[in-house]
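# Residue-level structure breakdown
Now for the letters of each chain:
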Amino acid sequence: MRVTQSGMDLNLLTALDALLEECSVSGAAQRMHLSEPAMSRTLGRIRKALGDPVLVRAGRSMVPTPHALAIRAEVRTIVERARTLFTAAGDVNLGTLSRTFTVWSHDAFAAAWGAQLFARAAREAPGVRLKFLAESHVDTPALREGVADLEVGVIDTTSPEVLTEHLFEDRMVACVRAGHPLLRGRCTPERFAAAEHLIVSRRGKMHGPVDAALAELGLERRVVGAAPTFPSSLFILGSSDLVGLVAGQITSMVEGMGLRTFEVPLELPALPMGLAWHPRNDADLGHAWLRQCVRDVLMETLG
């Protein structure tokens, strides 16, 4: 990070971290309990120290400069390490904790467990804000770069710079509208393959493990399309004869919306559900609380 000859007030790093996360002077001001004019003056000091605008106007919003994007992960790392240094000696005070945690996951996680997490945060740490970041159509090192604090879902990374924790094995079940023809009688692989299918894919993929399992039986299904998000797929399934797939642990939520689920008549690979986070957050007591919250709401579904 470049600094002027006069040096940089290290307290500005926390403000810089907030500005880069919020991409908004008003949002950063609210997060740091400052007035907007005070945060604007702080941004001015940061710009002078770095010799870079940091945030520039783009329409009605502000976006980071290339230099700001390049240093964002480093800034986040320094801030998190400093926070760990000053809290490691004692217990975190959840009542006064003021943090924004970003959870990176499939949008089905937010749909199924988001309300429980918000309720727990309100009870235990009212100063904490939760941001759910959807999986992108491109792979990004979100944990390493500080874009996300915690990844939840099927963790398939083998990166040595990421810590992981396995929670349980889930499975995929079929999801259709109430009264769907496949709900009458036994659903064989042949009947399942003969139906028209909808895939949920952030990349727009039109195939998956189901197709591999059907191919082993000499069968092929017809995938008529892909939905970009889990909620959008449920609306489509509820108003059509298409067949979709959902994780078994959210069956009760899906059926509460009027849809129906049934076992897929195929041998499909299990879904290893777990958590992942960057080592810089491992000893952070606030982050440990977040991990425990997510762990608890997920494990409660197992009974």
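All of these numbers come straight from a predicted model, not from anything done at the bench. What you see as residue numbers is a count from 1 along each chain, following the sequence as written. With the structure being a predicted model, the display of local features is reserved for residues of pLDDT at least 70 and the display and counting of side-chain atom pairs for 80 or more, all residues being used for whole-chain, interface and lining totals. Values shown for side chains rest on all heavy atoms present in the structure; no hydrogens or waters enter the calculation.

## Notes on the environment of Ser35
Checked against the element boundaries, Ser35 lands in the loop between helix H2 (25-31) and helix H3 (36-50). Taking C-alpha positions, Ser35 is 49 Å from Gly244, a pair spaced 209 residues apart along the chain. By definition, any uninterrupted DSSP run of H or I lasting at least four residues is a helix, any uninterrupted run of E lasting at least two residues is a strand, and each is numbered from the N terminus.

## Observations concerning the environment of Leu34
Mapped onto the elements of the fold, Leu34 is located in the loop between H2 and H3. Partly exposed describes any residue whose relative accessible area lies between the buried limit of under 20% and the exposed limit of over 50%, with all areas from a 1.4 Å probe on protein chains only and scaled to the type maximum. Relative accessible area serves as the criterion here: at 38%, Leu34 is assigned to the partly exposed category. Any two residues whose heavy atoms approach within 4.5 Å at even a single point are treated as in contact. Residue contacts for Leu34: discarding those within four places in its chain leaves Ala29 and Met39.

## Remarks on the sheet that holds strand E5 (residues 150-154)
A pair of strands is labelled paired if DSSP reports no fewer than 2 bridges between them. With mixed pairing, the five strands of this open sheet are ordered in space as E4-E3-E5-E12-E6. Edge strands, defined here as strands with exactly one partner in the open sheet, are strand E4 (128-134) and strand E6 (163-170). Taken pair by pair, the neighbouring strands of this sheet meet at an average axis angle of 20 degrees, ignoring direction. Think of each axis as a best-fit line through the C-alpha atoms, taken over the contacting stretch in the case of a helix, with angles from 0 to 180 degrees between the N-to-C directions. Along the sheet, helix H5 (residues 107-124) contacts strand E3 (99-105), E4 and E5; its crossing angle with E4, the most-contacted strand, is approximately 180 degrees.

## Overview of the side chain of Arg221
Tracing the chain through its elements places Arg221 in the loop between helix H7 (209-216) and strand E9 (222-227). Dropping the residues within four chain positions of it, Arg221 is found in contact with Ala193, His197, Ile199, Gly208, Val210, Asp211 and Leu214.

## Considerations on the packing of H5 against helix H10 (residues 285-300)
Running from N to C, H5 and H10 cross one another at 130 degrees; their axes reach a closest spacing of 10 Å. By the criterion of interaxial angle, the relationship of H5 to H10 is oblique. Our pair here, H5 against H10, has a crossing hand that is right-handed. Along the contact surface, H5 presents Phe109, Trp113, Gln116, Leu117, Arg120, Ala121 and Glu124, while H10 presents Trp289, Gln292, Cys293, Val294, Asp296, Val297, Leu298 and Glu300. Gly is placed with the polar residues, together with every amino acid not listed as nonpolar (Ala, Val, Leu, Ile, Met, Phe, Trp, Tyr, Cys and Pro) or charged (Asp, Glu, Lys and Arg). Counted by class, the contact of H5 with H10 contains nine nonpolar, two polar and four charged residues. The cut-offs work like this: below 35 degrees is roughly parallel, past 145 is roughly antiparallel, 65 to 115 is roughly perpendicular, and the gaps in between are oblique. The crossing is said to be left-handed when, going from far helix to near helix, the turn is anticlockwise and less than a right angle, and right-handed when the turn is clockwise.

## Side note on the pattern of salt bridges
A pairing counts as a salt bridge when a side-chain nitrogen of Lys or Arg comes within 4 Å of a carboxyl oxygen of Asp or Glu. The final tally for this structure, using the stated rule, is 15 salt bridges. Across the salt bridge formed by Asp284 and Arg99, the nearest N and O atoms sit 3.3 Å from each other. Here the residue Asp284 occupies a position in the loop between strand E12 (271-277) and H10, and Arg99 occupies one in strand E3, the gap between them amounting to 185 residues. Arg99 carries the same exposure label as Asp284, and that label is buried. Several salt bridges share partner residues, and in doing so they unite Asp17, Glu21, Arg76, Lys131 and Asp149 into one network.

## Considerations on the side chain of Ser233
Here Ser233 lies in helix H8 (residues 230-238). When neighbours within four sequence positions are excluded, Ser233 is seen to be in contact with Leu198, Val200 and Ala227.

## What about the confidence of the model for the protein chain?
With 92% of its residues at a pLDDT of 70 or more, the protein chain has an overall mean of 88. Within a predicted model, pLDDT stands for the predictor's per-residue confidence, ranging from 0 to 100. Between residues 1-7, whose pLDDT stays under 50, and residues either more than four places distant or in other chains, the model counts 16 contacts.

## Re the sheet that holds strand E7 (residues 172-177)
On the basis of which strands lie adjacent, the open sheet formed by three strands has the order E10-E7-E11 and antiparallel pairing. Pairing within the sheet leaves two strands with one partner each, and these edge strands are strand E10 (244-247) and strand E11 (259-262). Within the sheet, the average angular offset between the axes of one strand and its neighbour, ignoring direction, is 45 degrees. Relative to E10, E7 runs antiparallel, the two being bridged by four bridges. Within E10, the residue paired with Ala174 across the bridge is Leu245. Its contacts with the sheet place H8 against E7, E10 and E11, and it is angled at close to 45 degrees to E7.

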